[in-house]
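Coordinate inspection notes
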Amino acid sequence: MKISKKALGGISLLFLWSCAADGPRSSSGTQIKPEMVQSANAMVARKQIPPELRSEFFALYSEGRQNSVLHAMRGGLAAVRLGYRDLGKEAWDQAIHEVEALQYGQAQAERTKSKFVGEKEKWFKGEPYERSSLYFYRGLLYLQDQDFGNAAACFKRAEVMDITADDAPGFAGDWTVAEAALALASYAQNDPGTADQAFGRLKKFFQYREGMSLPNPKTNVVLVFESGQGPIKWGDGRFGEQLRFKEIPASIEKIQVKKEDQSIPSTSENIYYQATTRGGRQIDAILDDKASFKEDTQNATLGLAGGAVVASQTEKSGIAAGVLGLAAIGTGIFSAVTHPEADLRSWDNLPHSIHLIFLTVPPEGMELEWQGVGSNGSIQKRETLKIPPFKEEKIKVIWVKRISGD
Amino acid sequence: MRKTLFLIVIVGGLIGCAKEEKSVDYVDPNAQGAVAGTGVESQDISAAAQKAVQSILMTPAIAGASQPPIVMITPVVNKSASPIDVSLYTTKVRGALMQYGTGKVRFLARDVSSKTNEREQELRESGAVHGGQERKAASYNYILTAELQGISASNSKGQSDYFLVSFKLVDSQDLLVWENQYEIKKEGRESAVYR
């Protein structure tokens, strides 16, 4: 059987085309297989995902393990904000399960170290502030379900996840809202000792302020507020290899409630602060190495190309020019396929800050005014909140709507 | 030569585009998963419960009882830093105790049956149904509690979790008859790409 060069080329092109067919791409830039698209669409329909959540949950079901934590984090929060708590719980439990799976020595993690593989191709687990947020939010849902043991476990875990590098030990496990919520869950679990320990740690944190709203054994209501937009990841350095965070200042920095002519300020967590106090990442060294390689091969390409031009002008045979030219192409290819860029995938619907107000409310309920306070102390927003009578819950969690205008 | 080249292209294409993966695998539920964390797992609780029941059966109050005492198992209390499925873990504890303690102790399952039995008794009393035995619910001689405590730590290399599973057997007069603890410690390293 004779096969012409053209036919061979055609077959090769056919394979290349079949491998690189156009279609939806994941948050990592990888192609989503048609069968995954089909099964994700079926899953969205079967689970009756509300229209406003469909795109995130479609991504969760179609992008596989590479991005499932990312979409579960985002989708869970979006679902909870819209009142679909069961959907949020399901998404976050999946994310927790996958975040907890340690990846040391796993093929996908090792692959990420390669110069030719971008960090965004690793299985997403989020930065420590995202993992802590995941546990904190999940803890609030356990609190709502009156499961105080698991709520306390989540708040403790939020602190465990706030891992920092060896160069920033003072910032590890310093989430004020996690300690305050742990104290509340511990009181509800008849465990005042753990609550006392939580207060002991909390009072040493940078974000602790004297007089802020904290729980006591009689607390039966917690108000949860979210304000502003969370940290935005961006890549600095020669090739975007250094992960950085941009803060979009929130117009509301804290919440206060008026109670008997007193203004009680919230316990607040600035998530941008948490994102930027973790110290250096170990992967930074790997990315820096990739960036140096990319830069070196880029420089070599320029040098070799320049040499080829000079050689072509001075040498008649053109052999040296050809060799230098080929070498320049080789280094150019190496440079082009080197990926030092930092992973910029992020839990992008996190707020700038989370605020908690702890109250003791009589059985008949109460009405109160809350105020959103700006950085200069001015009142940016004020609203009346009616807490209806409640009997069955030991702790009532009221998720106040996300504060707009930030 | 051309044929060889053709075959290489075909095979290469097949390898590149069609990595065959098995979608489902059956695995031993008591085995540790291929990729694990340091959190407590149901098999840890189950193993602790097995050890607990063997110890409980040797306590004089149980071993010397004239007839198998009735024990009520309360839900597992979680005071660790790992969220758990309390219902699943309680079921695992009960399962282990049933497996190893049958004939020597009896277990009260009020949470499982009381509502149905009470409803049936109401129907019986109203004459809507007949037959069966008049309900006289059993009470317990002992309560068995299980509590999970733990300390978690993490650093720039990985994380560790220490768990203490405490079982207590308390009689109906609030006297502590038996207590034992089981320790579990797990350490894990995280890949540098996540640190």
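Residues numbered from 1 in each chain as written. Chains lettered and ligands numbered in written order. Predicted model: local features only at pLDDT ≥ 70, side-chain atom pairs only at ≥ 80, totals over all residues.

Next up on the list: the packing of helix H7 (residues 128-144) of chain A against helix H8 (residues 148-161) of chain A. Residues and elements named next belong to chain A. Packing of H7 against H8 leaves a shortest axis separation of 8 Å and a crossing angle of 170 degrees. On the basis of the axis angle, H7 is roughly antiparallel to H8. Contact residues: Pro 128, Arg 131, Ser 132, Tyr 135, Phe 136, Arg 138, Gly 139, Tyr 142 and Leu 143 in H7; Asn 150, Ala 151, Cys 154, Phe 155, Arg 157, Ala 158 and Met 161 in H8. Classifying every residue of the contact of H7 with H8 by side-chain character gives 10 nonpolar, three polar and three charged. (Axes fitted to C-alpha atoms, helices over the stretch in contact; angles between N-to-C directions. Helix = DSSP H or I, 4+ residues; strand = E, 2+ residues; numbered from the N terminus. Parallel < 35°, antiparallel > 145°, perpendicular 65-115°, else oblique. Contact = placed C-beta atoms within 7 Å. Nonpolar A, V, L, I, M, F, W, Y, C, P; charged D, E, K, R; others polar.)

Residues and elements named next belong to chain A. In this model, chain A carries a mean pLDDT of 89, and residues with pLDDT of at least 70 account for 94%. Note that pLDDT drops below 50 for residues 1-5; the model gives that stretch four contacts with residues more than four away or on any other chain. Contacts of residues 7-19 to residues separated by more than four positions or lying in other chains number 13 contacts, the stretch itself having pLDDT below 50. (pLDDT = per-residue confidence, 0-100.)

What follows is about H8(A). Taking 1.5 Å of rise per residue, the 14 residues of H8(A) would be expected to cover 20 Å, and the 20 Å separating its terminal C-alpha atoms lies within 8% of that figure. Extensive coverage of H8(A) is indicated by the burial of 14 of its 14 residues. (Expected span 1.5 Å × (residues − 1). Buried ≥ 20, exposed ≤ 12 C-beta atoms within 10 Å, placed from the backbone.)

Below, the discussion takes up the sheet that holds strand E6 (residues 267-270) of chain A. Residue and element names in this part refer to chain A. If you walk across this open sheet you meet the four strands as E6-E7-E1-E10, and the pairing is mixed. Every interior strand has two partners, whereas the edge strands, E6 and strand E10 (396-399), have only one. In this sheet, adjacent strand axes meet at a mean angle of 20 degrees when their direction is disregarded. For strand E1 (residues 221-227) and E10, the ladder comprises four bridges, and the chain directions are parallel. Looking at the pairing, Val 221 lines up with Lys 396 of E10. (Pairing = 2+ DSSP bridges.)

Turning to the nonpolar core, a few remarks are in order. If you look at the biggest cluster of nonpolar residues, it comprises 84 residues, and the most contacted ones within it are Phe155(A), Leu184(A) and Ala185(A). With 26 residues, the next largest nonpolar core counts Val40(B), Ile45(B), Val93(B) and Leu169(B) among its residues. (Core = buried A, V, L, I, M, F, W, Y, C linked by C-beta atoms within 7 Å.)

Residues and elements named next belong to chain A. In terms of strand pairing, strand E2 (residues 232-236) meets strand E3 (residues 242-246) through five bridges, oriented antiparallel. Looking at the pairing, Lys 233 lines up with Phe 245 of E3. Counting the residues that bridge the hairpin from E2 to E3 gives five residues, and of these Gly 237 lies at a positive phi of roughly 95 degrees.

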